[in-house]
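Chain residues, written in single-letter form:
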Amino acid sequence: TELSIEQRFVPESCPRAVRPGDFVRYHYLGAFPDGTRFDSSYDRGSTFNVFVGKGQLIAGMDKALVGMCVNERRYVRIPPRLAYGTEGVSGVIPPNAVLHFDVLLIDLWNSEDQVQVQTYFRPEKCPRTVQVSDFVRYHYNGTFLDGTLFDSSHNRMRTYDTYVGIGWLIPGMDQGLLGMCVGEKRIITIPPFLAYGEEGDGKDIPGQASLVFDVALLDLHNPKDGIAIENQQVPESCERRSQAGDFVRYHYNGTLLDGTLFDSSYSRNRTYDTYVGKGYVIAGMDEGLLGVCTGEKRRIIIPPHLGYGEEGRGKIPGSAVLVFDIHVVDFHNPSDSVSITVNYKPSNCTVLSKKGDYLKYHYNASLLDGTLLDSTHSLGKTYNIVLGFGQVVVGMDMGLQDMCVGERRTVVIPPHLGYGEEGVEGEVPGSAVLVFDIELLELVSGLPEGYMFVWNGEVSPNLFEEIDQDHDGEVLLEEFSEYIQAQVDSGKGKLAPGFDFEKIVKNMFTNQDRDGNGKVTAEEFKLKDQEVKEEHDEL
């Protein structure tokens, strides 16, 4: 005669129990005391959905459901006076029947419910939270209140990407995502009237279902965002900042907002080299590289509309915010020339280096970021060249001009006057700006331009006869060489310094051997001023 309730399973966690006025969804088996089944929600493949305590159920069931938790199972025995009484239900339940119900509560909500948010992880740093009209990328598991999974972005291995607060989502999700940080994880519980309502979604979500979303926010931006720059390390001395048109060499780590690495120049052991402000890189990087100093480290945060857009690229998903931690190694402009800074100049500085002079100097060679490339000091010997004859890179030929012995200077050489785009394998990176700290130790004055040998006194009027030692009217290379060597040894003549003696003499001999037969005759033999005079007369 009395209502009997037996709790057959009670979940460990019961954050909420049924109260009068709540809406519930439950499964049940209905049977008579002898076990004969008269009804089952399982047979219909749909839960029974109803308000509790509003007279929509038989009185015994209204009472039996109160206090139940989601996933709780109860065995309920209802006497006739709390069921269908003396009337019964024609053809289904006889008069004065005791009814047994095996009930499993699936869902529970109230019309006064709001979206519930439970944050179970929040990063220490949260510079920005989701606001209305932001675009977000997040992963989620979607379940019903009883834990049944109905959808998961993880299973598709793709984030859910959407605007927030403009009606692209169900209202409860629009509310539940507000205030989230990138990296935050929260559980969002949404009543059906803020989800898919009475009809459900027509596929996986039944009508009147509460939804639970376990959300991890990966990305966040607004279409109005520009790039964000965080200066991490700026050198104390910054004589020059990059401008549009400059060529920059930099290292970078590229990550998504959640820290996922998608690319790194360090892993390739090579800088990324590009022009700035000319569209060679994504728009956000073009902007973020302006105004940097050599040696500077900065973080550049680029929204997708200034990055790789909705489509993404390679390991970069569509609509992803990009984070680049960059280190500027050097930069230059194609219009740059050699830069010379004199660090010390002797008081007596009258003889200046010029083209053709033979120079001996020490140097330290480094990149703009200070990386040492080479040093004559470590080799214990000077570097020796003839200035202006292409024995060093063009920029060094320029940088050594007009120096005096004892002078120290710093020469900065852009790559187009150095080793160019290719660099030197294993020694000098391509497109690298070079810095040379130079000290000139010795200068041997060269000969006038165009001369490899000059006389220190009057030239003999019988020069050919003196060279032709055997007086056969022909001068061979050996005779020519011996004569020049004798003039140099006696101080009567001078060879261009810094060149190989044999190569110079052979070159001089070849110039005189006009018919190329290996012999010079008196008719062929001419001094340089005689050649110029004859050409002038001819003109």
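In this text, all values refer to a predicted model and were calculated from it rather than measured experimentally.

(A) Representation of the overall build of the chain. When helices and strands are tallied, the chain shows twelve helices and 28 strands. Computed over its C-alpha atoms, the radius of gyration of the chain comes to 46 Å, more than 25% above the 24 Å expected for a compact globule of 539 residues. Based on the C-alpha atoms only, the size of the chain along its principal axes is roughly 155 × 50 × 45 Å. Buried residues in the chain amount to 45% of all 539 residues. For the chain, contacts bridging at least 24 residues in sequence account for 69% of all contacts bridging at least 6.

(B) How the structure looks around the nonpolar core. Ranked by internal contacts, the top residues of the largest apolar core, which has 26 residues, are Val24, Tyr26, Met61, Leu65, Leu99 and Phe101. Mapped by element, the contributors of at least two residues to this core are β2 (23-31), α2 (59-65), β5 (73-78) and β6 (99-109). Among the elements that line this core, the one with the most residues is β6, at five residues. Leave out the neighbours within four places in its chain, and Leu99 touches Ala31, Phe32, Phe38, Ile58, Val76, Arg77, Ile78, Ala83, Tyr84 and Ile93.

(C) Fine view of the UniProt feature "domain: PPIase FKBP-type" (unreviewed entry) in the chain. Look at the UniProt record and you will see "domain: PPIase FKBP-type" (unreviewed entry) annotated at residues 21-109, 133-221, 245-332 and 356-444. Annotated as residues 356-444, this span is 11% helix and 39% strand, and its ends, taken at the C-alpha atoms, are 9 Å apart.

(D) Looking closely at a nonpolar patch on the surface. Together, Val132, Ile166, Trp168 and Leu178 make up a nonpolar patch on the protein surface, roughly 380 Å² of accessible area in all. Examined against the element boundaries, Trp168 turns out to sit in the loop between β10 (160-163) and α4 (171-176). On the basis of relative accessibility, which here comes to 52%, the residue Trp168 falls in the exposed class.

(E) Inspection of the pairing of strand β20 (residues 358-367) at higher detail. Among the ten residues that make up β20, eight are buried, leaving the element largely enclosed by the rest of the structure. Relative to strand β22 (residues 383-386), β20 is paired through four bridges, and the arrangement is antiparallel. Its bridge partner being in β22, Tyr361 is matched across the sheet by Tyr383. Here ten bridges tie β20 to strand β24 (residues 434-444), and the two strands are oriented antiparallel to one another. Bridged to Tyr363 within β24 is Ile438. Hairpin remark: β20 followed by strand β21 (residues 372-375), antiparallel, with four residues in the connecting loop; positive phi at Gly370, about 95 degrees.

(F) Highlighting the state of the cysteines. Tallying each qualifying case throughout the model produces four disulfides. Residue pairing for Cys349: its cysteine sulfur links by disulfide to Cys404, the two sulfurs lying 2.2 Å apart. Note on the Cys349 and Cys404 pair: the S-S dihedral is about -115 degrees, so by sign convention the disulfide is left-handed. Placement of the pair is Cys349 in the loop between β19 (339-344) and β20 and Cys404 in the loop between α8 (394-399) and β23 (408-413), with a sequence separation of 55 residues. The connectivity of the disulfide bonds within the chain can be written as 1-2, 3-4, 5-6, 7-8, using the sequence rank of each bonded cysteine.

(G) Expanded view of the side chain of His221. Here His221 shows up in strand β12 (residues 211-221). Once residues within four sequence positions are removed from consideration, His221 is found in contact with Arg128, Asp134, Phe135, Pro303, Pro304, His305, Ser319 and Val321.

(H) Structural view of the domain arrangement of the chain. Along its sequence, the chain is organised into domain 1 (4-109), domain 2 (116-221), domain 3 (228-332), domain 4 (339-444) and domain 5 (453-532). Between domain 2 and domain 3, the residue contacts involve eight residues of the former and ten residues of the latter. For the pair domain 2 and domain 3, the two sides together bury roughly 680 Å², of which 58% comes from carbon and sulfur. Connecting domain 2 to domain 3 are zero salt bridges. Counting across the interface, domain 2 meets domain 3 through one residue pair in polar contact (both at pLDDT 80 or more).

(I) Fine view of unusual backbone geometry. For Asn269, which is not glycine, the phi dihedral falls at a positive 55 degrees. Here Asn269 lies in the loop between α5 (265-268) and β16 (272-275).

(J) Representation of the packing of aromatic side chains within the structure. The tally for this structure, following the rule as stated, stands at 34 aromatic pairs. Geometrically, the ring pair formed by Tyr26 and Tyr28 is tilted, given 6.0 Å between the ring centres and 50 degrees between the ring planes. The same class applies to Tyr26 and to Tyr28, which are both buried. With a centroid separation of 5.0 Å and an interplanar angle of 90 degrees, the aromatic rings of Tyr163 and Trp168 are classed as edge-to-face. Clustering of aromatic rings is evident, with ring pairs tying together Tyr26, Tyr28, Phe32, Phe38, Phe48 and Phe101. The residue whose ring lies beneath Arg8 is Tyr75, and the NZ or CZ to ring-centre distance is 4.0 Å.

(K) Region of the structure containing the pattern of salt bridges. Under the defined criterion, the tally for this structure stands at 27 salt bridges. Measuring nitrogen to oxygen at the nearest pair gives 2.8 Å for the salt bridge that ties Arg122 to Glu184. One end of the pair, Arg122, is in the loop between β7 (116-121) and β8 (135-144); the other, Glu184, is in the loop between α4 and β11 (185-190), and 62 residues separate them in sequence. What emerges from the salt-bridge pattern is a single network uniting Arg122, Glu184 and Arg186.

(L) Main features of helix α11 (residues 501-512). Between its first and last C-alpha, α11 extends 17 Å over twelve residues, near the 16 Å set by a 1.5 Å rise per residue. Burial in α11 covers these residues: Ile504, Val505, Met508, Phe509 and Gln512. Each buried residue of α11 sits inside an arc of 130 degrees when the element is viewed along its axis, so together they form one side. Exposed and facing more than 90 degrees away from the buried side of α11 are Glu502, Lys503 and Lys506. Of the residues flanking the start of α11, the one acting as N-cap is Asp500, its side-chain oxygen 3.3 Å from the backbone nitrogen of Glu502.

(M) Representation of the packing of helix α10 (residues 477-490) against α11 in the model. Running from N to C, α10 and α11 cross one another at 120 degrees; their axes reach a closest spacing of 10 Å. Taken as axis vectors, α10 and α11 run oblique relative to one another. Pair α10 / α11 crosses with right-handed handedness. Listed contacts from α11 to Leu477, Phe480, Ser481, Ile484 and Gln485 of α10 are Phe501, Val505, Lys506, Met508 and Phe509.

(N) Here's a closer look at the environment of Arg73. Positionally, Arg73 belongs in strand β5. According to the relative accessible area criterion, Arg73 is partly exposed, its value standing at 34%. Each C-alpha atom of the pair Arg73 and His377 lies 87 Å from the other, and the pair is 304 residues apart in sequence. In contact with Arg73, other than residues within four places in its own chain, are Glu6, Gln7, Arg8, Phe9, Met68, Asp102, Val103 and Leu104.

What counts as what
Numbering of residues starts from 1 in each chain and follows the order in which that chain's sequence is written. Owing to the predicted nature of the model, reporting of local features is limited to residues with pLDDT of at least 70; listing and counting of side-chain atom pairs is limited to 80 or more, with chain, interface and lining totals taken over all residues. Hydrogens and water molecules were not included; the side-chain quantities draw on all heavy atoms of the structure. Secondary structure elements are defined from DSSP: runs of H or I of at least 4 residues count as helices, runs of E of at least 2 residues count as strands, and each element is numbered from the N terminus. The size measure is the radius of gyration over C-alpha atoms, and the globule rule it meets is 2.2 Å times the number of residues to the 0.38 power. Relative accessibility under 20% of the residue-type maximum defines a buried residue, over 50% an exposed one, and the middle range a partly exposed one, all with a 1.4 Å probe and only protein chains included. By definition in these notes, contact holds between two residues if any of their heavy atoms fall within 4.5 Å. Put simply, buried Ala, Val, Leu, Ile, Met, Phe, Trp, Tyr and Cys residues joined by side-chain atoms within 4.5 Å make one nonpolar core. UniProt positions are given in the numbering used here, feature names are shortened, and annotations may be inferred rather than shown by experiment. Here a patch means residues that are over 30% exposed by relative accessible area and free of salt bridges, tied together within 9 Å if like-charged and within 5 Å if nonpolar (Val, Leu, Ile, Met, Phe, Trp, Tyr). Surface accessibility in these figures is a Shrake-Rupley result with a 1.4 Å probe; residues are shielded only by whichever protein chains are displayed. For salt bridges, the criterion is a side-chain nitrogen of Lys or Arg within 4 Å of an Asp or Glu carboxyl oxygen. A pair of strands is labelled paired if DSSP reports no fewer than 2 bridges between them. Cysteine sulfurs are considered disulfide-paired once they come within 2.5 Å of each other. Residue ranges assigned to each domain were obtained from an automatic or database domain assignment. Here's the idea: put two parts together, see how much 1.4 Å probe accessible area each one loses, and the total over both is what we call buried area. The term polar contact refers here to a pair of N or O atoms within 3.5 Å; inside protein, the definition further demands a hydrogen-donor-capable atom paired with an acceptor-capable atom, and it admits residues adjacent in sequence only when both atoms are side-chain atoms. Classification of ring pairs uses Phe, Tyr and Trp, with its six-membered ring standing for Trp, and accepts pairs whose centres are within 6.5 Å; under 30 degrees between planes counts as stacked, over 60 as edge-to-face, and the remaining range as tilted. By definition here, charges over rings are those cases where NZ of Lys or CZ of Arg is within 6 Å of the ring centre and within 35 degrees of the ring normal. To estimate how far a helix should reach, multiply one less than its number of residues by 1.5 Å. Here, the arc refers to the directions that run from the helix axis to the C-beta atoms. With axes taken as lines fitted to C-alpha atoms, and helix axes fitted only over the stretch in contact, angles between N-to-C directions fall between 0 and 180 degrees. What sets the label is the angle itself: under 35 degrees gives roughly parallel, over 145 gives roughly antiparallel, 65 to 115 gives roughly perpendicular, and the rest give oblique. Two helices crossing with the near one rotated counterclockwise from the far one by less than a right angle form a left-handed crossing, whereas a clockwise rotation gives a right-handed crossing.

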